[in-house]
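Each chain, written out:
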Amino acid sequence: MPVRVTNRSICRNCDGFPVVSITTGTRRRDGSRVLLRVVCSVCQGTGHAPRAASLVRAGR
């Protein structure tokens, strides 16, 4: 059965990868690395472009 795909466009700033982890280079005592989790500020971590504001018709 085919999978339905939504027609929402991908965020231009993050190219669909809204959350990334960046290593700081330092290590904890157990040997694991310290990571910073960064979320795309435009799409707020959804990976999709924000919806355009609806146009309002003015006049008659």
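Structure: see above.
Residues numbered from 1 in each chain as written. Predicted model: local features only at pLDDT ≥ 70, side-chain atom pairs only at ≥ 80, totals over all residues. Heavy atoms only, no water.

Colleague: Teacher, can you tell me more about a nonpolar patch on the surface here?
Modeller: Among the surface-exposed residues, F17, V20, I22, L36 and V38 lie close enough to one another that they form a single nonpolar patch of about 460 Å² accessible area. Put simply, the parts of the chain that give the nonpolar patch at least two residues each are strand 1 (19-27) and strand 2 (33-39). You can see V38 is positioned in strand 2. Classification of V38 as partly exposed rests on a relative accessible area of 35%. (Patch = residues over 30% accessible without salt bridge, like charges linked within 9 Å, V, L, I, M, F, W, Y side chains within 5 Å. Areas by Shrake-Rupley, 256 points an atom, 1.4 Å probe, with all protein chains shown as cover. Salt bridge = Lys/Arg side-chain N within 4 Å of Asp/Glu carboxyl O. Helix = DSSP H or I, 4+ residues; strand = E, 2+ residues; numbered from the N terminus. Buried < 20%, exposed > 50% of the residue type's maximum accessible area, 1.4 Å probe, protein only.)

Colleague: What am I meant to see in the environment of R33 here?
Modeller: Along the chain, R33 turns up in strand 2. C-alpha of R33 to C-alpha of I22: the two residues are 11 residues apart in sequence and 9.9 Å apart in space. With near-sequence residues (within four places) excluded, R33 lies in contact with T23, G25, T26, R27 and R28. (Contact = heavy atoms within 4.5 Å.)

Colleague: Just checking my understanding: could you explain the pairing of strand 1 for this structure?
Modeller: Pairing of strand 1 with strand 2, which is carried by 6 bridges, proceeds in the antiparallel orientation. Among the inter-strand pairings, V19 is bridged to a residue of strand 2, identified as V39. (Pairing = 2+ DSSP bridges.)

Colleague: Sorry if this is basic, but what is going on with the environment of G16 here?
Modeller: Looking at where G16 falls in the secondary structure, it is placed in the segment before strand 1. Spatially, the C-alpha atoms of G16 and H48 are 6.5 Å apart, while their sequence positions differ by 32 residues. Once residues within four sequence positions are removed from consideration, G16 is found in contact with I10, C11 and G47.

Colleague: What's the story with unusual backbone geometry in this structure? I'm lost.
Modeller: Excluding glycine, a negative phi dihedral is what most residues carry, and trans is how most peptide bonds are arranged. The backbone phi angle of D15 is positive, close to 55°, even though this residue is not glycine. Secondary-structure assignment places D15 in the segment before strand 1. Residue D15 is classed as exposed on the basis of its relative accessible area of 56%. The backbone of Q44 sits at a positive phi, close to 55°, despite the residue not being glycine. Examined against the element boundaries, Q44 turns out to sit in the segment after strand 2.

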